[in-house]
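Listed below, chain by chain, are the residues.
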Amino acid sequence: MPDVPPLLIASGLTKRFGGQTLFEQLDLQLQRGELLALLGESGSGKSTLLNGLAALEPLDEGRVLLDGQDLLRLDEAGQAALRRERLGFVFQAFHVLPHLTVRDNIGLPLLLQGRPDAARVDEMLAAVGLSDKARQLPRELSGGQLQRVAIARALVHRPSLVLADEPTGNLDPRHADQVMQLLRQQLQQQGAACLLVTHSAHAAALADRRLRLEGGQLVDA
Ligand SMILES: Nc1ncnc2c1ncn2[C@@H]1O[C@H](COP(=O)(O)OP(=O)(O)OP(=O)(O)O)[C@@H](O)[C@H]1O
């Protein structure tokens, strides 16, 4: 079988704040279909790294190649277009929009790309087990259901790479497990990769590979 190049090749990633170096010369690769868990103490820089990979936060040095495309060298419009088309986010800060129904929240990435697709939204609603909640507003849903909306929204446009920051935070173990299984199943079906920041040993155990950000370096966990 021919070698398939990694989906993501990040190299030399460095971030400094003031006089402090948060991380230095980090290298990270992700294969298609791979679920990689990123662990590390609070404040170690996991979220900064995740945001840096998506060019949502400027890095001091480094290169991020997504399918050969040099993300950090694109202009802002190019980065925004690449994020819209190729990336899916499950960030806790990226809350579902309160005034949109579950269906409209999930369909939003397609709408933003100018290609609404009701059938695809139906498919994602069914995949996350929320078909019967399609017309409801986020405030009528439980925490676990909201996390499932966020995952459906992150995957609806078939991104290559999903960046997830604590997607199971605030969930009880049963619902955390459901969300993780769902994420994994969707990655497999779509051949996408996921970088998952988590404090949960349970969620990390479900990943293909685990790295820890420690003292500004990535080590096997
Ligand atoms: N804009 C900024 N200016 C200065 N320091 C910052 C800035 N953003 C983050 N930091 C600092 O960088 C460090 C890493 O933050 P980050 O949110 O990446 O950590 P984390 O590993 O994701 O933590 P947690 O697990 O608690 O979410 C923290 O000490 C934080 O205070």
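Conventions used here
Residues numbered from 1 in each chain as written. Predicted model: local features only at pLDDT ≥ 70, side-chain atom pairs only at ≥ 80, totals over all residues. Heavy atoms only, no water. Helix = DSSP H or I, 4+ residues; strand = E, 2+ residues; numbered from the N terminus. Rg over C-alpha atoms; globule rule 2.2 N^0.38 Å. Buried < 20%, exposed > 50% of the residue type's maximum accessible area, 1.4 Å probe, protein only. Areas by Shrake-Rupley, 256 points an atom, 1.4 Å probe, with all protein chains shown as cover. Lys, Arg positive; Asp, Glu negative; His and termini not counted. Charge placed at Lys NZ, Arg CZ, Asp CG, Glu CD. Near = heavy atom within 4 Å. Polar contact = N/O pair within 3.5 Å; in protein donor to acceptor, adjacent residues only side chain to side chain. Nonpolar A, V, L, I, M, F, W, Y, C, P; charged D, E, K, R; others polar. Core = buried A, V, L, I, M, F, W, Y, C linked by side-chain atoms within 4.5 Å. Contact = heavy atoms within 4.5 Å. Pairing = 2+ DSSP bridges. Axes fitted to C-alpha atoms, helices over the stretch in contact; angles between N-to-C directions.

J.: Give a description of the overall build of the chain that names residues and reports values.
T.: Check the secondary structure of the chain and you find 7 helices and 10 strands. Whereas a compact globule of 221 residues would reach a radius of gyration of roughly 17 Å, the chain reaches 17 Å, a difference of no more than 12%. Viewed in the frame of its principal axes, the chain has a C-alpha envelope of about 50 × 45 × 35 Å. Going through the 221 residues of the chain one by one, you find that 51% of them count as buried. Roughly 10,700 Å² of accessible area belongs to the chain as shown, and the carbon and sulfur atoms make up 49% of that amount. Separation between the mean location of the 23 positive side-chain charges and that of the 26 negative ones in the chain comes to 5 Å.

J.: I'd like a description of the site of the ligand, backed by residues and values.
T.: Around the ligand, the surrounding shell consists of Phe17, Leu22, Glu41, Ser42, Gly43, Ser44, Gly45, Lys46, Ser47, Thr48 and His199. A distance of 2.6 Å separates an oxygen atom of the ligand from a polar side-chain atom of serine 42. Contacts to the ligand include serine 44, whose backbone N or O atom sits 3.2 Å from an oxygen atom. Protein burial of the ligand: of its 640 Å² of free accessible surface, 52% is covered by the chains. Sorting elements by how many residues they give to the shell around the ligand places helix α1 (residues 46-53) first, with 3 residues. Across the shell around the ligand, the residue classes break down as 2 nonpolar, 7 polar and 2 charged.

J.: Could you give an account of the nonpolar core, with specific residues and numbers?
T.: Core analysis: the largest hydrophobic core is formed by 37 residues, its most contacted members being Ile106, Cys194 and Leu196. Of all the elements in the fold, those that place two or more residues in this core are β3 (35-39), α3 (102-112), α4 (118-127), α5 (143-155), β7 (161-165), α6 (173-190), β8 (193-197) and α7 (201-205). Dropping the residues within four chain positions of it, isoleucine 106 is found in contact with Val121, Met124, Leu125, Val149, Ala152, Arg153 and Val156. Ranked by size, the runner-up nonpolar core spans 32 residues in total, among them Leu26, Phe89, Leu163 and Ala193.

J.: Outline the sheet that holds β7, listing residues and values.
T.: Within the open sheet, the 6 strands sit side by side as β6-β7-β8-β3-β9-β10. Their pairing is mixed. Edge positions in the open sheet fall to β6 (87-91) and β10 (217-220), since each of these has one partner strand only. Each adjacent strand pair in this sheet contributes to an overall mean axis angle of 20 degrees, direction not counted. Pairing of β3 with β8 involves 4 bridges; the strand directions are parallel. By the bridge assignment, alanine 37 is partnered in β8 with leucine 196. Sitting on the sheet, α5 touches β6 and β7, and the angle it makes with β6 is about 165 degrees.

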